[in-house]
Amino acid sequence: MVRYRVRGGNPLRGTAFIQGAKNAVLPMIGAALLTAEGRTVLRNVPIIEDVRRAVELAEAVGAYVELHESERTLVIDASRLTSPVLPAEIARRFRGSVLFTPALLHRLGEAIVEGVGGCNLGSRNLDFHYLGYKRLGAVVDEGETVIHVKASGLTGATLYLDTPSHTGTENLIMAAALAKGTTVIENAALEPEVLDVIDMLTKMGARISGGGTGFITVEGVEELHAVEHTVMPDRLDAGVFAMAAAITQGEVSLVGTGLDLGVVRYKLEQMGVDFARQGAVLQVRCDGPLRPINIITDTYPGFATDLQSPMMTVAALAGGTSYIHERIFDGRFALAGELNKMGANVEVDGSRAIVRGATPLTGAGVTAHDLRSGIALVLAGLAANGETVIDSGYLIDRGHAHLAPRMRALGADITREISER
Ligand SMILES: CC(=O)N[C@H]1[C@@H](OP(=O)(O)OP(=O)(O)OC[C@H]2O[C@@H](n3ccc(=O)[nH]c3=O)[C@H](O)[C@@H]2O)O[C@H](CO)[C@@H](O)[C@@H]1O
Ligand SMILES: C=C(OP(=O)(O)O)C(=O)O
C-alpha cells in the first residue's frame, strides 16, 4: 500500500522538471513491438508504474526490454515475439495494455487480451477498436473476460470513430500501418500525444498523413524498422505543477522541451494565475486571490478530462461558484466526496459539478479513486491546514514520476510511504 502524506501551507518555489508523457510513451512501447528489425530506443521515458507494467507486458510476449531508470531510457528488442497472450495479472493493471494488440496481430496473427485496466471512470468501451480491426479483416471473438483477435494479414479500409478515441486512433493507425493498401480513419483523435506517436511511426517507415486534421490516411507498408525517439513532455504533469504553484501562492518555472499547456493555461489565467514564457521555460506565478471558473471537458483542443479533477481542487480554493461539466467519462467525479471531507463544498449532479469556494481546506485521511483524483488530493493537501494522508497512492504513481522529491525540491512538505496494508 502506497500512501502520500502532505502537510500544507508552503508556497511552492523553484524549478519543476516535467516528465515525458505517459499517454505517448505507452503507445510507443506498443509501436516498438511492430518491428522485428533492430532495437528501439525511447528517451525521456517517465519512470511511472504504467511504464513498469508495459515493460512487464512486453517481456511477457517475448520482447527483451531494458529500462535504464536514471537515463530515463528504454531499449526494446522485439526481434522475437513468442506469445500472443496479454496476461490478466499485468494487462488489468493499466489501460495502455490495449495498445499491444496491433503488434501481436501483425507479428503472431493473433492477440489474446485477458483484460484491460486503467482508471475507473465509468464506462470505457473498446468497441471502436474491435469494429476497426474487423473492418480491416480480423476476426474478433469477445468472450466474457477474454478477447481473442485473429488475422492472417489485414487489408486497408475506411474506418469511422463515433467519437475521437485517443487509444482507438493509435491502435487503428498501428493496425493500418502494416496492412495491405490504404486505410482512412475518419473522426480521428487530435491529441498531441497521438501526433507524437505518428511522428515515431513515420520515422519507423510508416506512411501516415492527416495527423491533427481528424482524417488520417495510412498507406500500408511491408515492414517497419526500429528507431530512436524522444517522448514529448507530459502536459498533464505540467498542468498539475502549474496548479500547485497557483494554489500555494508560489512561483514555479516549468522546464520541459516544447511545453504547451493550451487551454489549461488560459483557464488558469482567467482565475488570476500569471504565466510568462521565458524562452524554453514557462514561469507560473500567483500572488492574489483565485477567481471561480467554468470548465467543459472535451477532446483536444478542448479542456483535457484528465485535468478536470486537479482543476476541481483549484476551484474549491477560488472565491465564488465554479461550474464543471464532464463530457468524456460518465463516472469521473469520485473526487468530490473526498474533497468535501477536507472542507470543500462540491455538489455533483450527473455530469455536472458545482464548486462553491473559497472554503478553507483542512487535512484529512482521504482515498485516491483513480490517478487524477489522487493527484488532485495531493494538491488539496498542499493548500490545506494540517496533514492530509492519501491512500491508494499506487494510482498516483501510475502516472506521475518521482512526485514527492520533485515537489519537495519546490519546498512542499510531502512524503511517500509504503506500508503492509
Ligand atoms: C492511455 C491513454 O492514452 N489514456 C487516455 C485515453 O484513454 P482512452 O483512449 O481509453 O480514452 P478514449 O478517448 O478511448 O475514450 C473516451 C470516451 O470514448 C468512449 N469510447 C472509447 C473507445 C471506444 O471504442 N468506444 C467508446 O465508447 C469511452 O467510453 C470514453 O467515454 O484518452 C482519455 C481521454 O482523453 C484520457 O483520459 C486517458 O488518459
Ligand atoms: C484516465 C487516465 O489514464 P488511463 O487511460 O491510463 O487509465 C489518466 O491518465 O487520467
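Residues numbered from 1 in each chain as written. Chains lettered and ligands numbered in written order. Predicted model: local features only at pLDDT ≥ 70, side-chain atom pairs only at ≥ 80, totals over all residues. Heavy atoms only, no water.

Draft legend 1. The environment of Val85, seen in detail. Along the chain, the position of Val85 falls in strand β6 (residues 85-86). In the structure, Val85 is positioned 48 residues away from Glu37 in sequence and 22 Å away in space, judged by C-alpha atoms. Not counting residues within four places of it along the chain, the set of residues in contact with Val85 comprises Val61, Ile112 and Glu114. (Helix = DSSP H or I, 4+ residues; strand = E, 2+ residues; numbered from the N terminus. Contact = heavy atoms within 4.5 Å.)

Draft legend 2. Expanded view of the UniProt feature "active site" (unreviewed entry) in the protein. Annotation from UniProt places "active site" (unreviewed entry) at Cys119. Its location among the elements puts Cys119 in the loop between β7 (110-113) and α5 (127-135). Classification of Cys119 by relative accessible area gives buried; the value is 12%. Setting aside its immediate chain neighbours within four residues, Cys119 contacts Arg124, Asp370, Leu371 and Arg398. (UniProt positions renumbered as here; feature names shortened; annotations may be inferred. Buried < 20%, exposed > 50% of the residue type's maximum accessible area, 1.4 Å probe, protein only.)

Draft legend 3. The arrangement of the site of ligand 2 in detail. Around ligand 2 sit Lys22, Asp50, Arg95, Gly118, Cys119, Leu121, Arg124, Asp306, Arg332, Leu371, Arg372 and Arg398, and those are all the residues in its vicinity. Arg124 is positioned with one of its side-chain polar atoms (N or O) 2.8 Å from an oxygen atom of ligand 2. In this structure, an oxygen atom belonging to ligand 2 sits 3.2 Å away from a side-chain N or O atom of Asp306. Taking 300 Å² as the accessible area of ligand 2 by itself, protein coverage stands at 94%. Taken domain by domain, the makeup of the shell around ligand 2 includes at least three residues from each of domain 1 (2-19 + 233-418) and domain 2 (22-230). (Near = heavy atom within 4 Å. Polar contact = N/O pair within 3.5 Å; in protein donor to acceptor, adjacent residues only side chain to side chain. Areas by Shrake-Rupley, 256 points an atom, 1.4 Å probe, with all protein chains shown as cover. Domains from an automatic or database assignment.)

Draft legend 4. Structural detail: the site of ligand 1. In the region of ligand 1, 19 residues are neighbours, and Asp127, Ser165, Thr167, Asp306 and Ile328 sit closest. Within the side chain of Asn23, one N or O atom sits 3.0 Å away from an oxygen atom of ligand 1. The separation between an oxygen atom of ligand 1 and a polar main-chain atom of Ile328 is 2.7 Å. Bound to the protein, ligand 1 loses 88% of the 740 Å² it would expose on its own. With three residues, α5 is the largest single contributor of residues to the shell around ligand 1. For the shell around ligand 1, a count of residues per class yields four nonpolar, nine polar and six charged. Both of domain 1 (2-19 + 233-418) and domain 2 (22-230) provide at least three residues apiece to the shell around ligand 1. (Nonpolar A, V, L, I, M, F, W, Y, C, P; charged D, E, K, R; others polar.)

Draft legend 5. Structural context of the sheet that holds strand β11 (residues 182-186). Here four strands make up an open sheet; going across it, the order is β10-β11-β13-β12 and the pairing mixed. If you trace the sheet from one side to the other, it starts and ends with β10 (158-160) and β12 (207-209), each paired once. The mean inter-strand angle of the sheet, taken between neighbouring strand axes irrespective of direction, is 15 degrees. With five bridges connecting them, β11 and strand β13 (residues 215-219) associate as antiparallel partners. For Val184, the partnering residue across the bridge sits in β13 and is Thr217. Contacting β10, β11, β12 and β13, helix α6 (residues 166-177) runs over the sheet at an angle of about 25 degrees to β13. (Pairing = 2+ DSSP bridges. Axes fitted to C-alpha atoms, helices over the stretch in contact; angles between N-to-C directions.)

Draft legend 6. Inspection of the pattern of salt bridges at higher detail. Evaluated as defined, the whole model comprises 22 salt bridges. Between Glu56 and Arg53 there is a salt bridge, with the nearest N and O atoms lying 3.0 Å from each other. Remark: Arg53 and Glu56 occur in helix α2 (residues 49-60); sequence separation between them is three residues, near one turn of the helix. Asp298 serves as the salt-bridge partner of Arg327, at 3.4 Å between the closest nitrogen and oxygen. Placement of the pair is Arg327 in the loop between β19 (320-325) and α11 (335-341) and Asp298 in the loop between β18 (294-296) and α10 (308-316), with a sequence separation of 29 residues. With a relative accessible area of 33%, Asp298 lands in the partly exposed category. (Salt bridge = Lys/Arg side-chain N within 4 Å of Asp/Glu carboxyl O.)

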